[in-house]
Amino acid sequence: MKQKQKYIAIFLFLLPALLLFVGLLIAPIIMSIYYSLFDWNGLRALDPSNDFVGLKNYATLFNQRIQFGSALKNAFILAGLSVFLQLPFSLALALALGKKIKGERAFLSIYFLPVLISTVVIGQLWLKIYNPEYGILNTFLRALGYDGENIRWLGDQSIALGSVFVPTLWQYVGYHMLLLYAGVKGVSPELREAAKLDGCTDWQVNWNVVIPTIKPIIKVSVIFAVTGSLKSFDLIYVLTNGGPMKATEVPSIIMINQLFKANQYGIGSAIAVLLIILCFFFAILIGFIFKERDIYGKK
Amino acid sequence: MKRILAVLLVLAMVFSLAACSKDEDKKPDNNNTNTGNTTTDSGVLDKEITLTLWDIATEGDGNRPAYDKALADLKAKYPKVTITETVTENNAYKTKIKSAMGANELPDIFFTWAGAFLGDFVNAGKVHCLDAELQPWIDNGEMTAAQLGNSTYNGKHYGVPTTYNIVTLFANMDILAKVGYDHIPATMDELNDCCDKLLAQNIIPFGCAGKTDDTWCVTEYLEPIIEKTIGATALKDIMTFGKTWNNQGVASSVDLLQSMIKKGYFDPDGIALGNEEVKQNFMAGKYAFYQNGSWNCGDFSNAEKVKFTVKAGEFPVVDSANGKLGMLIGGPSDTIAVSEGANAAAAAAYAVEFGRLICHYGYLEGSGLPAWKVWGDTSSVKPLVQQVADICAKAVDYVLFGDNAMPADEAAIYLEYVSSVYGGAVSGADFIKGLTSEIR
C-alpha cells in the first residue's frame, strides 16, 4: 500500500512536467506527422477524407523544382564545416583561454559577443560587409590591387553558399568555445601537474589529458553543431533567403517558403517531420560514436 | 566602475534589440479632423470599442503619412474608438497574416492584397463581406464596381481598395539629356539606341533588384514586356483565368529581357541587391531608368537629388500586332479587409471610411492613384503622380500584378522561374515549358 502511494506521489509530482513535455514537444510532432499526410493550404478547414494524400508530400519534396535533396546537401556541408572547422577552432580557443592567460575574461566576453547579438543584426552587418559596391570586403580587395568586376558575394551562385556559411560558422564559435572552456576549466589541476611532472609539453597535456577528459562536452558540442546545422535558418534567411536561384537553400528555408509563401502546409509539415527524424538520427549516431569503449572496441 | 559599465552595456543591448523589433505599436495623433463627405452609417462606432489593425505602413513606407492622417481624422470623428495598430514589414507581413489566418487570430481590420491573396482568405470563410457597408458609396458614385473588381469574389465585395498603382518606367531626364534624349524612349528602337548610348558613356541604363525576397522587382520588367508583346487580354487569360503558359510570345519576351541583361542594360550587381538599395541607387543618379510601382512617386518627388529630374512613362510596345501603349500592369490591389468576428460590424464601418481616407491622403502624398472618387483640394498633388494619372487616363486595359493575380502556390512557382530568368539560368523556351508543366 505504501509502495502504491509512493508511485502515485511520484506520478503527481511528474505530471506538470509531463503535461508540458507532451503539450509542447510530443503533440506538435504528432500534429506535424498528421498534417504531412494531407494536401492542405493551412487556411481553410482540413477535410480529412478529401485532402488525404498519404506519403505523396514526401515524394514531392525530391522533385526537380523543390530540390529538397540539394538543400539537404547544403545543410550537410554546413554540418561538416561546423564539426571539422568551427569546433576545432572553438576548442583551440577554449584550450588557450583555459591556461589562465592575461585578459581571459575579456577574451571570453569578446568571443561570446556574436552569440548575444540578434541574428538579424548580424545578418545586416554581413550584408554590408558583402555589398558588391561599398562592402568592406570588395573595398579591401580593391585596396590590394584587385581591379576586376565587383564580386557579388551573395549574388553569384558559385560563391554564395560559402559566403553565407562564413558568418553562420563565425556566429557560434563563441558558443562552442564557452561550452568547451567550462569543460577545460573543470579538468583537475592535479592531472595537469602530474602530466607536467612526467615531462609532457602543453600540447601533450591538452591532447592526452584535457581533451579525453572533456570528451562528453565535445560530444554535446558536436550534437549541437550537427543538429544546429540541419535546422539552420535565421541568418541564411536574412542574407539570401535561399537565393540566388536556390544556391543557398537549406531545409528550413524551403519549409518556411512552402508553408507561408506557397500555402503548402502538407509539404511544409513533411519537411518538419524529416528534420525531426534527421536530428534524432544524428544525435543518436553521435552518441554511439562517442560511446566509451575498451581497447577491444567493446563497451 | 566595472558594474556601471556592465549595466550600461546590458541596457545598450536591450535597447538595440528592441529597436530591431519589426513590429511596433502606434497610436494615431489627434490633430486633423478632415474626414471628407462620408455617408456611412457609423452608429456602431459611437460606443467604446477597441479594434485591432495590422498593416505594412512602416516608418519608411510611402503610405505611412496617409495612414497617420487617416487614423487621426477618424480618432477625431470617433473618439470612443481605440485602434491598436501593429505595423510589420512587407515580406514578414505575408507570413504573419497567413499564420494568423491559420490560427484564427486575425485582427479586426487588416491590410491585404486583392486578387488571389485575399481570395484564399475569403475561400477559408474568415473575411467579412462588406457589401452592406460599401453599397451607399457605390450608390452615390464615390466608389465604382470596376475598382472593387479585384476584391470581389462570387459577386460579393470583401475589400476596401485604397490607392491603386501601375508599373511605371521612371526616367532620370538629366541622365537621358547626356545622350541626347529629351523624352522617355517611346519605341523599342529608341530604347535600345538610348541604352547603347548610355553604356558608351559608362552609365548603367536600368536598375533591378534580384535578391530572392525581391523577385517581384524582376516581374515589374518582365510582365510589361510580355504584355506589350502578347497583349493585355492574352496575359490576363494566363495569369487570372488559368490559360496555359505555353505561349511563344511569353518565351520571346523572356528572351528579350535576357538579351537586354546580356547586353549590359541592367546593373550586374542588381542580383545581389534588395529593392531599397536599387531604388536608392536610382535616386543617387546611378541608373537612367528604374521600372517599378507608381507608389514610388512620393519618394521620388521628395528626394532632393531627383525631384525635378524624374519623369514617369510606360515601357514601349514590343510587338504592335498585339501590344499597345496603355496596356498596363497594375490596378487596385492595396486593400483593407475585415475579419469575421465579434467586432466585424464596427470594424467594417471603420474600414470603409479608413480605406477612403488612406486613398485621399495617399493620393496627395504621392503613394498611389485614387481608387475612390477624388474629393477636397487636390492642388498639392505631385507632378509625378499627375504624370502617372495621365498615363492611366489613356489606359486601354489593366492586368493585375502576376504574384497578386495567381494563387499562392502558383505565384511561388512563377517567382522561382522569374528569378531563374534574371539569373540567366532558364531561356524563354525553358520558362514556358517549366510553367506549363508545373502550373498549366
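Residues numbered from 1 in each chain as written. Chains lettered and ligands numbered in written order. Predicted model: local features only at pLDDT ≥ 70, side-chain atom pairs only at ≥ 80, totals over all residues. Heavy atoms only, no water.

This brings us to the overall build of chain B. The secondary structure content of chain B amounts to 18 helices and 15 strands. Its C-alpha atoms give chain B a radius of gyration of 23 Å, near enough to 22 Å, the size a compact globule of 440 residues would have. Considered along the principal axes of its C-alpha atoms, chain B spans approximately 70 × 65 × 45 Å. Looking at the 440 residues of chain B, the share that counts as buried comes to 57%. Here chain B displays about 17,100 Å² of accessible surface, and carbon together with sulfur accounts for 53% of that area. Measuring between centres, the 36 positive side-chain charges of chain B sit 3 Å from its 55 negative side-chain charges. (Helix = DSSP H or I, 4+ residues; strand = E, 2+ residues; numbered from the N terminus. Rg over C-alpha atoms; globule rule 2.2 N^0.38 Å. Buried < 20%, exposed > 50% of the residue type's maximum accessible area, 1.4 Å probe, protein only. Areas by Shrake-Rupley, 256 points an atom, 1.4 Å probe, with all protein chains shown as cover. Lys, Arg positive; Asp, Glu negative; His and termini not counted. Charge placed at Lys NZ, Arg CZ, Asp CG, Glu CD.)

Looking now at the overall build of chain A. Check the secondary structure of chain A and you find 14 helices and 0 strands. Listing the helices and strands of chain A from first to last along the sequence gives α-α-α-α-α-α-α-α-α-α-α-α-α-α. Along the longest, intermediate and shortest principal axes, the C-alpha atoms of chain A span 85 × 75 × 40 Å. Taken across its 299 residues, chain A has 45% of its residues classed as buried. Across chain A, the fraction of contacts at a sequence separation of at least 24, relative to all contacts at a separation of at least 6, is 64%. In chain A, the 26 positive side-chain charges and the 16 negative ones have mean positions that sit 8 Å from each other. (Contact = heavy atoms within 4.5 Å.)

Okay, a nonpolar patch on the surface next. All names here are of chain A. Together, I8, F11, L12, L18, F21, V22, L25, I26 and I30 line one region of the surface with nonpolar side chains, adding up to about 800 Å² of accessible area. By the element assignment, I8 lies in helix α1 (residues 2–35). Judged by its relative accessible area of 45%, I8 falls in the partly exposed class. (Patch = residues over 30% accessible without salt bridge, like charges linked within 9 Å, V, L, I, M, F, W, Y side chains within 5 Å. Salt bridge = Lys/Arg side-chain N within 4 Å of Asp/Glu carboxyl O.)

Let's shift gears to unusual backbone geometry. Residue and element names in this part refer to chain A. Omega for the bond connecting G243 with P244 falls within 30 degrees of zero, at -5°, which places this linkage in the cis form. Among the structural elements, P244 can be located in the loop between α12 (234–239) and α13 (251–261). You will see that K100, though not glycine, has its phi angle at about 55°, which is positive. Its place among the elements puts K100 in the loop between α4 (68–97) and α5 (104–116).

Looking now at the nonpolar core. By size, the foremost hydrophobic cluster in this structure holds 145 residues, and its most contacted members are B:F206, B:W245, B:F289, B:Y350, B:F354 and B:F431. Top contributing element to this core by residue count: helix α14 (residues 344–365) of chain B, with 14 residues. Split by domain, this core shows at least three residues from each of two domains, domain 1 (28–163 + 332–386) and domain 2 (165–331 + 396–438) of chain B. Excluding residues within four positions of it along the chain, B:F354 makes contact with B:L53, B:Y67, B:A70, B:L71, B:L74 and B:I336. A:L180, A:V209, A:I223 and A:I271 belong to the second-largest nonpolar core, a separate cluster that totals 51 residues. (Core = buried A, V, L, I, M, F, W, Y, C linked by side-chain atoms within 4.5 Å. Domains from an automatic or database assignment.)

This brings us to the interface of chain A and chain B. Listed per partner, the contact involves 30 residues of chain A and 35 residues of chain B. Here chain A meets chain B over a buried area of about 2,700 Å², counting both sides, of which 55% is carbon and sulfur. Joining chain A to chain B, the criterion identifies 4 salt bridges. With its nearest N and O atoms 2.8 Å apart, the salt bridge here joins B:D269 to A:R152. Taken together, chain A and chain B are joined by 17 residue pairs in polar contact (both at pLDDT 80 or more). Residue assignment for the side of chain A that touches chain B shows that the elements contributing at least two residues are α5, α6 (119–130), α12 and α13 of chain A. (Buried area = accessible area lost by both parts, 1.4 Å probe. Polar contact = N/O pair within 3.5 Å; in protein donor to acceptor, adjacent residues only side chain to side chain.)

With that settled, consider the domain arrangement of chain B. All names here are of chain B. As assigned here, chain B comprises domain 1 (28–163 + 332–386) and domain 2 (165–331 + 396–438). Taking the mean C-alpha position of each, domain 1 and domain 2 sit 29 Å from one another. The partner domain 2 presents 23 residues to the 22 residues of domain 1 that form the contact. Interface area, domain 1 with domain 2, both sides summed: about 1,500 Å², of which 53% is carbon and sulfur. When the buried surface of domain 1 facing domain 2 is broken down by residue, N91, A116 and L384 rank first, second and third, together holding 34% of it. At the junction of domain 1 and domain 2, the tally comes to 0 salt bridges.

Attention now moves to the environment of A:L46. Residue and element names in this part refer to chain A. Mapped onto the elements, L46 comes out in the loop between α1 and α2 (48–51). For the pair L46 and Y35, spaced 11 residues apart in the sequence, the C-alpha separation amounts to 9.1 Å. With residues near it in sequence (within four places) discarded, L46 still touches Y34, Y35, F38, W40 and D51.

This brings us to the pattern of salt bridges. Residues and elements named next belong to chain A. For the coordinates displayed, the defined rule picks out 21 salt bridges over all chains. Across the salt bridge formed by E104 and K185, the nearest N and O atoms sit 3.2 Å from each other. Here the residue E104 occupies a position in helix α5, and K185 occupies one in helix α8 (residues 157–186), the gap between them amounting to 81 residues. We classify E104 as buried; its relative accessible area is 13%.

Turning to the environment of B:I49, a few remarks are in order. Residue and element names in this part refer to chain B. Inspection of the secondary structure assignment puts I49 in strand β2 (residues 49–55). Judged by relative accessible area, which is 15%, I49 ranks as buried. Sequence-wise, I49 and P79 are 30 residues apart; in three dimensions their C-alpha atoms are separated by 9.9 Å. In this structure I49 touches K80, V81, T82, N343 and A346, once residues within four positions along its chain are discounted.

Residues and elements named next belong to chain A. In the contact formed by α13 and helix α14 (residues 265–289), the axes pass within 7 Å of each other and the chain directions differ by 155°. One element, α13, and the other, α14, form an angle in the roughly antiparallel class. Crossing angle aside, the handedness with which α13 passes α14 is left-handed. Contact residues: P251, S252, I254, M255, Q258 and L259 in α13; Y265, I267, G268, S269, I271, A272 and L275 in α14. Tallied by class, the residues present in the contact of α13 with α14 amount to 9 nonpolar, 4 polar and no charged. (Axes fitted to C-alpha atoms, helices over the stretch in contact; angles between N-to-C directions. Parallel < 35°, antiparallel > 145°, perpendicular 65-115°, else oblique. Left-handed = near helix turned anticlockwise from the far one by under 90°. Nonpolar A, V, L, I, M, F, W, Y, C, P; charged D, E, K, R; others polar.)

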